[in-house]
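# Architecture at a glance
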Amino acid sequence: MPTLLIADDSMFQRFQAAKVAKEAGFDVIEAKDGADCLTQARTAHPEAVLLDLNMPDPGGLAVLEVLSRELPAVQVVIVTADIQETTRRRCLELGAAGFVNKPVEPAALAQVLRELL
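Residues numbered from 1 in each chain as written. Predicted model: local features only at pLDDT ≥ 70, side-chain atom pairs only at ≥ 80, totals over all residues. Heavy atoms only, no water.

## Re the sheet that holds strand β3 (residues 48–52)
Rule in force here: Whether two strands pair depends on DSSP finding at least two bridges between them. In this text, helices come from DSSP runs of H or I with a minimum length of four residues, and strands from runs of E with a minimum of two, each type numbered from the N-terminal end. As a rule, the C-alpha atoms of each element are fitted with a line to give its axis, helices using only the stretch in contact, and angles between N-to-C directions run from 0 to 180 degrees. Note on definitions: a residue-residue contact is assigned when non-hydrogen atoms from the two residues lie within 4.5 Å.
The parallel open sheet is built from five strands, whose spatial order is β2-β1-β3-β4-β5. Lying at the two open borders of the sheet, with one neighbouring strand each, are β2 (27–31) and β5 (96–101). Averaged over all pairs of adjacent strands, the angle between strand axes in this sheet comes to 20 degrees, irrespective of strand direction. Summarising the sheet, strand β4 (residues 75–80) and β5 pair through five bridges and their orientation is parallel. In the strand pairing of β5, V76 is matched with A96. Relative to β5, helix α4 (residues 85–93) is tilted by about 145 degrees, and along the sheet it contacts β4 and β5.

## Let's talk about the pattern of salt bridges
What counts is decided by this rule: Each salt bridge in this description consists of a side-chain nitrogen of Lys or Arg and a carboxyl oxygen of Asp or Glu lying within 4 Å of one another. With a 1.4 Å probe rolled over the protein chains alone, any residue whose accessible area is under 20% of its type maximum counts as buried; one over 50% counts as exposed, and the rest are partly exposed.
Taken as a whole and judged by the stated rule, the model has seven salt bridges. Here R89 and E85 are joined by a salt bridge, their closest N and O atoms 4.0 Å apart. Here the residue R89 and the residue E85 both occupy positions in helix α4, the gap between them amounting to four residues, near one helical turn. Under the relative-accessibility criterion, E85 is labelled partly exposed at 47%. Measuring nitrogen to oxygen at the nearest pair gives 3.4 Å for the salt bridge that ties E93 to R90. Here E93 pairs with R90, and both are found in helix α4, just three residues apart, close to one helical turn. What makes R90 partly exposed here is its relative accessible area of 32%.

## Let's talk about helix α2 (residues 34–44)
Counted only if it meets this: Polar contacts, as used here, are pairs of N or O atoms within 3.5 Å; protein pairs need one atom able to donate a hydrogen and one able to accept it. Residues neighboring in sequence count only if both atoms are side-chain atoms.
Among all positions of α2, only G34, D36, C37, L38 and A41 are buried. Looking at the buried positions of α2, the neighbouring elements they touch are β1 (3–7), β2, β3 and α3 (60–70). One side-chain oxygen at the N-terminal end of α2 lies 3.2 Å from the backbone nitrogen of A35; it belongs to D33.

## Some thoughts on the packing of α2 against α3
Cut-off, in case you're wondering: Geometric relationships in this document are graded by angle, where less than 35 degrees denotes roughly parallel, more than 145 denotes roughly antiparallel, 65 to 115 denotes roughly perpendicular, and other angles denote oblique. By convention the crossing between two helices is left-handed if the near helix lies anticlockwise of the far one by an angle smaller than a right angle, and right-handed if it lies clockwise. For this classification, the nonpolar set comprises Ala, Val, Leu, Ile, Met, Phe, Trp, Tyr, Cys and Pro, the charged set comprises Asp, Glu, Lys and Arg, and every other residue, Gly included, is treated as polar.
It is at 10 Å that the axes of α2 and α3 come closest, and there the two elements cross at 15 degrees. It follows that α2 is roughly parallel to α3 by the angle criterion. α3 is crossed by α2, and the crossing has right-handed handedness. In contact with G34, C37, L38, A41 and R42 of α2, α3 contributes V63, V66, L67 and E70. Its residues assigned to classes, the contact of α2 with α3 comprises six nonpolar, one polar and two charged.

## Some details on the pairing of β3
Which entries qualify depends on this criterion: By convention a crossover is right-handed if, when the strands point away from the viewer, the path from the first strand over the helix to the second runs clockwise.
With five of five residues buried, β3 lies mostly within the body of the structure. Where β1 lies against β3, four bridges are found, and the strand directions are parallel. Note on β3: the bridge partner recorded for L5 is V49. With five bridges connecting them, β3 and β4 associate as parallel partners. Bridge pairing in β4 links A48 to Q75. The parallel pair β3 and β4, bridged by α3, forms a crossover whose chirality is right-handed.

Structure below.
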């Protein structure tokens, strides 16, 4: 089974995303902030990361920059409530594989995850 790292400072959002991801066929690991996300990614080498842009220590965009350098094969899906066009472009430049809006709709997340497989 492919592994998905869910990085979000909201425990509720992680729980909801994990439920959908498991149903879509992923093993799931979780990170509560940017530092935890980078540690987990470097250790577990997941196939994909579901990355909240607005989380602390460091923020999602900084995490994406590091992931794109250190683990370029990892597919990263950005999760955000609101994204400016310049931020969206920067995420795409850094290799983001997709975007999911918050609040996360289970059907939309399931579709994005199926596309990653």
